[in-house]
Amino acid sequence: MKDTSSYASRLEEEKVTLEKELATVGRRNPSNPNDWEAVPQETGQESDPNDRADQMEHFSENAAILTDLEVRYAEVNGALARIEAGTYGICEEGSEEIELDRLNADPAARTCKAHMGK
Ligand SMILES: [Zn+2]
């Protein structure tokens, strides 16, 4: 694929948005910056059992949101790495060219339409 610049800028934009969203429900893992971990909400009222229950519920909600965001974050980082490596736009299953309308719909797509979901 010759010109990946428009995909690169869209992916970089999405990466910034994802990092902002990730920061609302988690924090970067100090030992691995590409990994994020959920954080419990600090209420300062840990002594109250109801508050502890709320806090736990909030924590698991954050963890679920974080997992979804991390999946997409890894896909976006993977696509940026493929641009760097010069393999962007090549199907990872069959080595075909990924259709442009598929990349326009999802610039982090790893496969062509025939291999979607594989
Ligand atoms: Zn394919």
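Please read these numbers as outputs of a predicted model, since none were measured by experiment.

Looking now at the nonpolar core. Generally speaking, nonpolar side chains in soluble globular proteins are found buried as a group. In this structure, L11, L22, Y88 and L103 are the most contacted members of the largest nonpolar core, which totals 21 residues. Of all the elements in the fold, those that place two or more residues in this core are helix 1 (5-25) and helix 2 (49-85). With seven residues, the top contributor of residues to this core is helix 2. What L22 contacts, discounting residues up to four positions off in sequence, is W36, L66, L69, E70 and Y73.

This part takes up the packing of aromatic side chains. Per the counting criterion, the structure on display carries two aromatic pairs. Judged by centre distance (5.5 Å) and plane angle (40°), the ring pair of Y7 and Y88 falls under tilted. Linking Y7 in helix 1 with Y88 in the loop between helix 2 and helix 3 (100-105), this pair joins segments that are 81 residues apart in sequence. The same class applies to Y7 as to Y88, namely buried. Relative to Y73, the ring of W36 lies with its centre 6.4 Å away and its plane at 90°, an arrangement referred to as edge-to-face. Residue W36 is found in strand 2 (residues 32-38), and its partner Y73 is found in helix 2; the two are separated by 37 residues along the sequence.

With the rule as written, the count across this model stands at eight salt bridges. Ionic pairing is found between E75 and R72, a salt bridge with its closest N-O pair at 2.9 Å. One end of the pair is E75 and the other is R72, both in helix 2 and three residues apart, which spans about a single turn. Here E75 falls in the partly exposed class, since its relative accessible area comes to 33%. A salt bridge links R110 to E92; the nearest nitrogen and oxygen atoms lie 2.6 Å apart. On the criterion of sequence distance, the pair formed by R110 in the segment after helix 3 and E92 in the loop between helix 2 and helix 3 is long-range, its members being 18 residues apart. Taking relative accessible area as the criterion, R110 reaches 34% and is therefore assigned partly exposed. Residue E92 is classed as partly exposed on the basis of its relative accessible area, which comes to 41%. Through salt bridges that share partners, E14, R72, E75 and D106 make up one connected network.

What follows concerns the pairing of strand 1 (residues 26-29). As paired elements, strand 1 and strand 2 share four bridges and run antiparallel to each other. Its bridge partner being in strand 2, R28 is matched across the sheet by W36. Counting the residues in the hairpin turn of strand 1 and strand 2 gives two residues.

Thresholds, definitions, all that
Residues numbered from 1 in each chain as written. Predicted model: local features only at pLDDT ≥ 70, side-chain atom pairs only at ≥ 80, totals over all residues. Heavy atoms only, no water. Core = buried A, V, L, I, M, F, W, Y, C linked by side-chain atoms within 4.5 Å. Buried < 20%, exposed > 50% of the residue type's maximum accessible area, 1.4 Å probe, protein only. Helix = DSSP H or I, 4+ residues; strand = E, 2+ residues; numbered from the N terminus. Contact = heavy atoms within 4.5 Å. Phe/Tyr/Trp six-rings, centres within 6.5 Å; stacked < 30°, edge-to-face > 60°. Salt bridge = Lys/Arg side-chain N within 4 Å of Asp/Glu carboxyl O. Pairing = 2+ DSSP bridges.

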